[in-house]
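Single-letter residue listing:
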Amino acid sequence: MDVRAHVSMVFHLDKCIGCHTCSVACKNVWTDSPGAEYMWWNNVETKPGTGYPTRWEDQMNYKGGWELNKNRELVLRSQSKGGALAKLFYNPRQPGLDDYYEPWTYRYQDLFDAPSGDDQPTAVPISQITGEPMDIEAGPNWDDDLSGSPIYAENDPNLDRLTEDERQMLFDVESIAMMYLPRICNHCANPSCVASCPSGALYKRGEDGIVLVNQEKCRGWRACVVACPYKKMYYNWQTGKSEKCILCYPRVETGQPPACFHSCVGRIRYMGVLLYDAERMVDAMKAPEASLVEAQRNVLLDPHDREVAAAAEANGISPKFIAAAQQSPVYKYVKEWQLALPLHPEFRTLPMLYYVPPLLPVMGRAGDGIYEHEAEEFFTHLDKSRLPMKFLASLFSAGNLDVVKAVMKKQMAVRYYKRAQDVDDVDAAKVQRVLREAHLTPEQAEAIYALTALAPMTERYVMPPIQREEALDGFDMPSCSPEMCKGKCGLGMTQAPQRGA
Ligand code: SF4
Ligand code: SF4
């Protein structure tokens, strides 16, 4: 057992109201400088939708993430070891500005200088790239709330798994369903961005797994932009360097949640420490698609297990991190209750941001639009839900329907259990049956309810305020060991933690 610690996150999608406060909080702190105008390290997408940049999930086009070659070796989709050199100066898989959008501001002075007349003066939109007047034709959340559905939502790559009938049902105006998907860098445990960098500028902090770009070393080759399947690497056209979400590490190190967590209106964001076994990583990366979620769960270790805690300490993990792992809300959602799932596990980067899929759009039944409150009825009609299970499975379980159905049943069982307590119109024996079918105990249902609906920030954000130097004290471990992959990845994921970087 080779125990490592990783900062990790859960976003509970049933609680997201799509207000974009998180995106604005992040933009104001990190990406309001010249060259970064088009960047949204945090963005919120409406699903179904094409997202930002357009159709980022389509790896046939963008070639991001990892794949297994015919010898079952894990290789980057974007470049082979030798091929990386050929793509240094031109990579056709790179998203262009049209795939994001052309950032703009307004010429506000027009409001003051306009001559008096019958019309209201307007501020002309000005391109932040050229400084010239422009027509606005796209934005980072252009298809917000299903606006322009026939043009945008219908092109969501996740709909490819649906039959024609299912697609039509989804877009039936009477029963159209949607959900919000807030996205930041997943600070993946097997980050393809790090592996792709020819300059070794990207690195993963050994003590907590946060993925960062060393701006001194970055040469702006942009291999990382292509290799990240989530398109969470950005190129700053002013500085000529790549940038990405830094998980607000200066805040985290001083005991404060990242700006997007702190500002989240729906309180959907949870952060905590996970302990994992690095020796099981290769199995998780190479698992067959249908069992990727299970394999990723298997990597995670029980922080309450004394053997695990002792091995963690022996590996140099700070006692404060181990204590935080024992209180981790993320461990509860991901491993204990198995409610939170990785986004697109088939990209094989082992994302450390997990999502609790939304129950509400699933409760509505396709066709009649009725919201199902009877749990047993809900279980029976899961295949006819307004937001199709296949769609959610495409997002969160590499197509494995059983995984998302199990999550939906658990969420519905908790709702039913609480309804029995609060509304008192549910038969107690039925509640027991429903909990049994969802594989939950009443204690677990109570705990899930408490962490989902009642938990204050101190329970949603459980990270010890540890300065880097303190965390690295007595810690001398590479962030990815060649022994682990036997050098098979061959792509340079061997950056040791960089003190003071
Ligand atoms: Fe790297 Fe973040 Fe993309 Fe993962 S999501 S590959 S850590 S940029
Ligand atoms: Fe959703 Fe929270 Fe962002 Fe609002 S601030 S869009 S609730 S994640």
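A. Layout of the site of ligand 1. Lining the immediate surroundings of ligand 1 are C185, N186, H187, C188, P191, S192, C193, V211, C228, Y230, M233 and K244. Looking at the shell around ligand 1, its residues break down into eight nonpolar, three polar and one charged.

B. Structural context of the nonpolar core. If you look at the biggest cluster of nonpolar residues, it comprises 144 residues, and the most contacted ones within it are L275 and F396. Not counting residues within four places of it along the chain, the set of residues in contact with F396 comprises L13, M179, L181, V293, L341, P342, L343, P345, Y355, P357 and V404.

C. Structural detail: the side chain of N186. Mapped onto the elements, N186 comes out in the loop between strand 7 (179–183) and helix 6 (192–196). Residue classification places N186 among the buried positions, given a relative accessible area of 2%. Not counting chain neighbours up to four residues away, the residues in contact with N186 comprise M9, Y230, P351, M352 and L353.

D. Structural context of a nonpolar patch on the surface. A contiguous nonpolar patch, built from Y106, Y108, L111 and F112 and spanning about 440 Å² of accessible area, is present on the exposed surface. Turning to its location among the elements, L111 is positioned in helix 4 (residues 109–113).

E. Fine view of the packing of helix 18 (residues 401–422) against helix 19 (residues 428–437). Interhelical geometry of helix 18 versus helix 19 gives an angle of 160° and a closest axis separation of 9 Å. With respect to their mutual orientation, helix 18 and helix 19 come out roughly antiparallel. The element helix 18 and its partner helix 19 pack so that their crossing is left-handed. Seen from helix 18, the contacting residues are K409, A413, Y416, Y417 and A420; seen from helix 19, they are K430, V431, V434, L435 and E437. Among the residues forming the contact of helix 18 with helix 19, the class breakdown is seven nonpolar, no polar and three charged.

F. Up close: the packing of aromatic side chains. Summed over the entire model, instances satisfying the criterion amount to 17 aromatic pairs. Seen from their ring centres, Y333 and W337 are 5.4 Å apart, and the 85° between their planes marks the pair as edge-to-face. Just as Y333 is buried, W337 falls in that class too. Within the aromatic cluster, the residues linked to one another by ring pairs are Y38, Y52, Y100, Y101, W104 and Y234. Residue placement shows R183 over the ring face of W56; its charged tip is 3.7 Å from the ring centre.

G. Main features of the pattern of salt bridges. This structure, assessed with the given rule, holds 19 salt bridges. With a closest N to O distance of 3.6 Å, R77 and E67 form a salt bridge. With R77 in the loop between strand 4 (74–76) and helix 3 (83–86) and E67 in strand 3 (residues 66–68), the pair connects residues that are 10 residues apart, well separated along the chain. E253 is the salt-bridge partner of R205, the closest N and O atoms lying 2.8 Å from each other. Separated by 48 residues along the polypeptide, R205 in the loop between strand 8 (202–204) and strand 9 (211–213) and E253 in the loop between helix 8 (249–252) and helix 9 (259–263) bring together distant segments of the chain. The class of R205 is buried, set by a relative accessible area of 3%.

H. Geometry of the pairing of strand 2 (residues 43–47). For strand 2, the buried fraction is high: five of the five residues fall into the buried class. Residues N43, E45 and K47 line one face of strand 2 and the alternating positions V44 and T46 line the opposite face, and both faces are buried. Where strand 2 meets strand 7, five bridges bridge the pair, whose relative direction is antiparallel. By the bridge assignment for strand 7, N43 is matched with R183.

I. Looking closely at the site of ligand 2. In the neighbourhood of ligand 2, 14 residues make up the surrounding shell, with C16, C19, H20, C22 and C264 lying closest. Along the lines of polarity and charge, the residues of the shell around ligand 2 split into nine nonpolar, four polar and one charged.

J. Expanded view of unusual backbone geometry. At the junction of K47 and P48, the peptide bond is cis and its omega measures out at 0° in the coordinates. Looking at the secondary structure, you find P48 in the loop between strand 2 and helix 2 (59–62). Here the amide bond leading from Y52 into P53 is cis, since omega sits at -5°, within 30 degrees of zero. If you trace the backbone, P53 turns up in the loop between strand 2 and helix 2. At R267, a position not held by glycine, the phi torsion is positive, near 55°. Phi is positive for A398, which is not a glycine, with a value near 50°.

K. Spotlight on the confidence of the model for the chain. Chain-level statistics for the chain give a pLDDT mean of 89 and a share of 91% at 70 or above. Counted against residues more than four places away or in other chains, residues 477–501, with its pLDDT under 50, gives 54 contacts.

Scoring rules and cut-offs
- Residues numbered from 1 in each chain as written.
- Chains lettered and ligands numbered in written order.
- Predicted model: local features only at pLDDT ≥ 70, side-chain atom pairs only at ≥ 80, totals over all residues.
- Heavy atoms only, no water.
- Near = heavy atom within 4 Å.
- Nonpolar A, V, L, I, M, F, W, Y, C, P; charged D, E, K, R; others polar.
- Core = buried A, V, L, I, M, F, W, Y, C linked by side-chain atoms within 4.5 Å.
- Buried < 20%, exposed > 50% of the residue type's maximum accessible area, 1.4 Å probe, protein only.
- Contact = heavy atoms within 4.5 Å.
- Helix = DSSP H or I, 4+ residues; strand = E, 2+ residues; numbered from the N terminus.
- Patch = residues over 30% accessible without salt bridge, like charges linked within 9 Å, V, L, I, M, F, W, Y side chains within 5 Å.
- Areas by Shrake-Rupley, 256 points an atom, 1.4 Å probe, with all protein chains shown as cover.
- Salt bridge = Lys/Arg side-chain N within 4 Å of Asp/Glu carboxyl O.
- Axes fitted to C-alpha atoms, helices over the stretch in contact; angles between N-to-C directions.
- Parallel < 35°, antiparallel > 145°, perpendicular 65-115°, else oblique.
- Left-handed = near helix turned anticlockwise from the far one by under 90°.
- Phe/Tyr/Trp six-rings, centres within 6.5 Å; stacked < 30°, edge-to-face > 60°.
- Lys NZ or Arg CZ within 6 Å of the ring centre and 35° of its normal.
- Pairing = 2+ DSSP bridges.
- pLDDT = per-residue confidence, 0-100.

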